[in-house]
Amino acid sequence: MLWTVTTGQPTTPRSHRRAPRRIRRAVLIGVVAAVLAAVVYVAAVVVVPLLRPAGPRPLFQLPVACGETWQLGTYPGHDDYDVDLFPTEGEAWGRPVLASYAGTVTVAGINGSLGGRTPENPNGPRGRGGGYWVKIDHGGKWETQYLHLLEPPLVRVGQRVAQGEQIGRLGSTGNSGAPHLHYEQRRGWEKVESYFDGVPSGITHDDTEYTVRRTSNNCASGQR
Ligand SMILES: [Zn+2]
């Protein structure tokens with residue numbers, strides 16, 4: 001009979017042994033260099049743009065068809081500078097929503113939840129937040145936002161849009177009582193008073209209900 005002798009000592013695999021000192025030092029230098037590179041990157045890409053002042057206000061136009069008159073308004077509890085747009089004539093559902101100014105789409109998706117308000121079921125369950133929405137970066141830290149769209153936006157993230165280009169259709173998704181367009185202009189990630197065709201909207205706070213009528217001059221020939 002053959003006896004197998006065991007010592008009870010497991011053999012240590014080579015890979016579990018400590019690496020030689022010079023390799024450990026090289027790894028440490030590599031880690032330090034990577035951390036320094038990350039710090040420089042964050043400073044250049046995040047901090048410097050934050051400190052840069054906003055550019056001049058783009059000549060934004062109403063986000064609706066050229067020549068149409070819409071009611072712009074706000075109400076208590078809305079939020080300062082938020083603008084709700086309703087057409088003064090015709091059906092609101094499905095009306096084209098246009099880019100106020102040329103830019104690059106940074107959001108095209110769902111904010112909150114859609115709910116179930118459609119032209120066929122206008123009093124369906126109310127959703128949360130903005131529903132289908134679009135955000136456009138116009139450069140110089142200027143942005144516009146378009147909320148409660150009826151259907152998935154007609155544009156995609158990263159897409160360049162022209163002033164007056166259709167980005168969606170008016171609806172009532174998200175937290176919306178009736179079909180309308182909720183619209184915002186932002187400068188440096190802060191909401192500001194919306195201007196259209198160089199004229200201030202007068203919507204600067206939500207202390208009281210306020211409405212004003214404006215006619216769209218979003219008649220650009222599609223300059224990107
Ligand atoms: Zn609103």
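Whatever comes next refers back to the structure up there.
The notes below deal with the structure included here. Just so we're clear, the structure is a prediction, and the values are computed from it rather than from any experiment.

### What to know about the coordination of the zinc ion
In the first shell of the zinc ion, the protein supplies H78 (NE2), D84 (OD) and H182 (ND1), at 2.0 to 2.1 Å from the metal. Sequence spacing of the donors to the zinc ion: H-x5-D-x97-H. Note that H78 is positioned in the loop between β1 (69-74) and β2 (83-87) and H182 in strand β9 (residues 181-187), a separation of 104 residues in sequence. Taking relative accessible area as the criterion, H78 reaches 12% and is therefore assigned buried.

### Let's talk about helix α1 (residues 21-51)
With 31 residues, α1 extends 44 Å between its outermost C-alpha atoms, agreeing within 8% with the 45 Å of an ideal straight helix rising 1.5 Å per residue. The sharpest bend along α1 comes to roughly 30°, located at A43.

### Some details on the side chain of Q185
Mapped onto the elements, Q185 comes out in strand β9. Side chain to side chain, Q185 and Y183 meet in a polar contact 3.0 Å long. Excluding its chain neighbours within four sequence positions, the residues that come into contact with Q185 are R57, F60, E143, T144, E190, K191, V192, E193, S194, Y195 and F196.

### So, a nonpolar patch on the surface
There is a patch of nonpolar side chains on the surface, built from Y41, V42, V45, V46, V47, L50, L51 and W189 and spanning about 810 Å² of accessible area. Following the sequence through the fold, V45 ends up in helix α1. On the accessibility criterion, V45 (42% relative accessible area) is partly exposed.

### Regarding the nonpolar core
The tendency in soluble globular proteins is for nonpolar side chains to be buried as a group. In terms of nonpolar packing, the biggest core is built from 26 residues, with L72, L85, V134, I136, Y146 and I167 touching the most fellow members. Residue assignment for this core shows that the elements contributing at least two residues are β1, β2, β5 (128-139), β6 (142-149) and β9. Those residues in contact with L72 that sit more than four places away from it in its chain are L62, V83, D84, L85, F196, S201, I203, Y210, T211, V212 and R214.

### Side note on unusual backbone geometry
Of note in this structure, K141 is not a glycine but carries a positive phi near 70°. One can find K141 in the loop between β5 and β6. The backbone of H148 shows a phi angle near 70°, a positive value even though the residue is not glycine. Summarising the element assignment, H148 is placed in strand β6. Since its relative accessible area comes to 4%, H148 is described here as buried.

### Description of the environment of I29
You can see I29 is positioned in helix α1. Look at I29 and you get exposed, because its relative accessible area is 53%.

### A closer look at the side chain of D84
Tracing the chain through its elements places D84 in strand β2. Buried within the structure, D84 lacks any salt-bridge partner; R126 is the closest side chain of opposite charge, at an N-O distance of 9.2 Å. Here the side chain of D84 touches H180 through a polar contact of 3.4 Å, side chain to side chain. If sequence neighbours within four positions are ignored, D84 has contacts with Q71, L72, G73, Y75, H78, H180, L181 and H182.

### What about the packing of aromatic side chains?
Inspection of the entire model under this criterion finds four aromatic pairs. Seen in terms of ring centroids, Y146 and Y183 are 5.4 Å apart; in terms of plane orientation they differ by 75°. Their pairing is edge-to-face. Of the two residues, Y146 is situated in strand β6 and Y183 in strand β9; the sequence distance between them amounts to 37 residues. Owing to a relative accessible area of 0%, Y146 belongs among the buried residues under this scheme. When the ring of Y183 is compared with that of F196, the centres are 5.4 Å apart and the planes differ by 40°; the resulting orientation is tilted. One end of the pair, Y183, is in strand β9; the other, F196, is in strand β11 (residues 195-196), and 13 residues separate them in sequence. The two residues Y183 and F196 agree in class, both being buried. Members of the aromatic cluster, joined through ring pairs, are F60, Y101 and W142. Lying over the aromatic face of Y195, R57 brings its terminal NZ or CZ to 3.6 Å of the ring centre.

Rules used in this analysis
Residues numbered from 1 in each chain as written. Predicted model: local features only at pLDDT ≥ 70, side-chain atom pairs only at ≥ 80, totals over all residues. Heavy atoms only, no water. Donors = N, O, S within 2.8 Å, 3.2 Å for Na, K, Ca; no water. Helix = DSSP H or I, 4+ residues; strand = E, 2+ residues; numbered from the N terminus. Buried < 20%, exposed > 50% of the residue type's maximum accessible area, 1.4 Å probe, protein only. Expected span 1.5 Å × (residues − 1). Bend = angle between axes of the 7 residues up to and from the residue. Polar contact = N/O pair within 3.5 Å; in protein donor to acceptor, adjacent residues only side chain to side chain. Contact = heavy atoms within 4.5 Å. Patch = residues over 30% accessible without salt bridge, like charges linked within 9 Å, V, L, I, M, F, W, Y side chains within 5 Å. Areas by Shrake-Rupley, 256 points an atom, 1.4 Å probe, with all protein chains shown as cover. Salt bridge = Lys/Arg side-chain N within 4 Å of Asp/Glu carboxyl O. Core = buried A, V, L, I, M, F, W, Y, C linked by side-chain atoms within 4.5 Å. Lys, Arg positive; Asp, Glu negative; His and termini not counted. Phe/Tyr/Trp six-rings, centres within 6.5 Å; stacked < 30°, edge-to-face > 60°. Lys NZ or Arg CZ within 6 Å of the ring centre and 35° of its normal.

Don't take any of this as a statement about function, it's just geometry.
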